[in-house]
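Structural description and commentary
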Amino acid sequence: VAPMLSSQDARRLARRMVRLSTWTTRFEPSERNGFGANIRIPAGAINGTVVLPGETFDFWDAVGSVTRAKGYRSGGAIINGRTQPTGALGGGICSTSTTLFNAAARAGLDIVSRRPHFYYIDRYPVGLDATVFISSSGSKVTLAFTNDTEAPILIRGSSTRTSVRFEVYGVPDGRTVRFSR
């Protein structure tokens, strides 16, 4: 099967690709985020993801299952409208999804699935958070966006002990993004 993006096409596009957006979220490693593991692990899983034109990125498809074997720990979650500091395996993962949402939105990509938290969390911009979860019954809330540009986009994820960052690379097409109150 021929690849959707040939090596020759990739080399040609690479010369035109620039960083379209970036977003960083700072966090305090604590039991609420598995001492940072629940933020760093999914950022690493997403790093290097290429989304071809017309394709949709889905957070859970990129991250895969959240298991202790992968290094995830218990962390904070909002359950029935109340904070549970260690209420869920992978709790705190929303710092990753929120950071990626902010980078994707600032790149002007078409956000097709995003839900805010039950209440405001002050380390995120007002109204610009993105919760993700898979309930014990199996229902999913995800972050998803479509690459509605003519070229592939590349997502770079990185983290430090106290921050997570996403950069979105692509070929500029003249779009601009503005946020208002």
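Residues numbered from 1 in each chain as written. Predicted model: local features only at pLDDT ≥ 70, side-chain atom pairs only at ≥ 80, totals over all residues. Heavy atoms only, no water.

**Observations concerning unusual backbone geometry**
- In this structure, Phe35 is a non-glycine residue whose phi angle is positive, near 55°.
- Inspection of the secondary structure assignment puts Phe35 in the loop between strand S1 (18-26) and helix H2 (37-46).
- Here the phi dihedral of Asn80 falls at roughly 55°; this positive angle occurs in a residue that is not glycine.
- Within the secondary structure, Asn80 sits in the loop between strand S4 (74-79) and strand S5 (82-89).
- For Asn80, a relative accessible area of 78% corresponds to the exposed category. (Helix = DSSP H or I, 4+ residues; strand = E, 2+ residues; numbered from the N terminus. Buried < 20%, exposed > 50% of the residue type's maximum accessible area, 1.4 Å probe, protein only.)

**Points about the packing of aromatic side chains**
- Considering all chains together, one arrives at three aromatic pairs under this definition.
- Ring centres of Phe57 and Phe145 lie 4.9 Å apart, and the angle between their planes is 20°; this geometry places the pair in the stacked category. Note that Phe57 is positioned in strand S3 (residues 56-58) and Phe145 in strand S9 (residues 144-146), a separation of 88 residues in sequence.
- Aromatic side chains Phe118 and Tyr119 sit 6.4 Å apart centroid to centroid with 85° between the ring planes, which places their arrangement in the edge-to-face category.
- By relative accessible area, Tyr119 is classed as partly exposed at 32%. (Phe/Tyr/Trp six-rings, centres within 6.5 Å; stacked < 30°, edge-to-face > 60°.)

**Comments concerning helix H4 (residues 94-106)**
- Look at H4: 18 Å from first C-alpha to last across 13 residues, which is about the 18 Å you get at 1.5 Å a residue.
- Counted residue by residue, H4 has 12 buried out of 13 residues, so it is predominantly covered.
- By the burial criterion, the buried members of H4 are Cys94, Ser95, Thr96, Ser97, Thr98, Thr99, Leu100, Phe101, Asn102, Ala103, Ala104 and Ala105.
- Positive backbone phi, approximately 80°, marks Gly108, located one or two places after H4. (Expected span 1.5 Å × (residues − 1).)

**A few points about the pattern of salt bridges**
- For the structure on display, the rule yields six salt bridges.
- The closest approach of N and O atoms between Glu167 and Arg19, which form a salt bridge, is 3.1 Å. One end of the pair, Glu167, is in strand S11 (residues 163-170); the other, Arg19, is in strand S1, and 148 residues separate them in sequence.
- By relative accessible area, Glu167 is classed as buried at 16%.
- Among the ionic contacts, a cluster of salt bridges with common partners joins Arg19, Arg165 and Glu167. (Salt bridge = Lys/Arg side-chain N within 4 Å of Asp/Glu carboxyl O.)

**Some remarks on the environment of Pro85**
- By secondary structure assignment, the location of Pro85 is in strand S5.
- When the C-alpha atoms of Pro85 and Ser30 are compared, they prove to be 9.5 Å apart, with 55 residues separating the residues in sequence.
- Residues contacting Pro85, with those up to four places away along its chain left out, are Glu31, Arg32, Gly75 and Gly76. (Contact = heavy atoms within 4.5 Å.)

**Comments concerning the sheet that holds strand S6 (residues 110-113)**
- Taken in spatial order, the three strands of this open sheet run S3-S9-S6, and their pairing is antiparallel. Two strands lie at the open edges of the sheet, namely S3 and S6, each paired on one side alone. Taken over all neighbouring pairs, the strand axes of this sheet differ in orientation by 25° on average, direction set aside.
- Pairing of S3 with S9, which is carried by three bridges, proceeds in the antiparallel orientation. Bridging across to S9, Asp58 finds its partner in Ala144.
- The strands touched by H4 are S3, S6 and S9; relative to S6, the strand with the most contacts, the crossing angle is about 140°. (Pairing = 2+ DSSP bridges. Axes fitted to C-alpha atoms, helices over the stretch in contact; angles between N-to-C directions.)

**Description of the packing of H2 against H4**
- Where H2 contacts H4, the axes come no closer than 8 Å and their chain directions differ by 45°. Between H2 and H4, the angle is such that the two are oblique. Touching Asn38, Ile39, Pro42, Ala43 and Ile46 of H2 are Ser95, Thr96 and Leu100, all from H4.
- Residue classes in the contact of H2 with H4 are distributed as five nonpolar, three polar and no charged. (Parallel < 35°, antiparallel > 145°, perpendicular 65-115°, else oblique. Nonpolar A, V, L, I, M, F, W, Y, C, P; charged D, E, K, R; others polar.)

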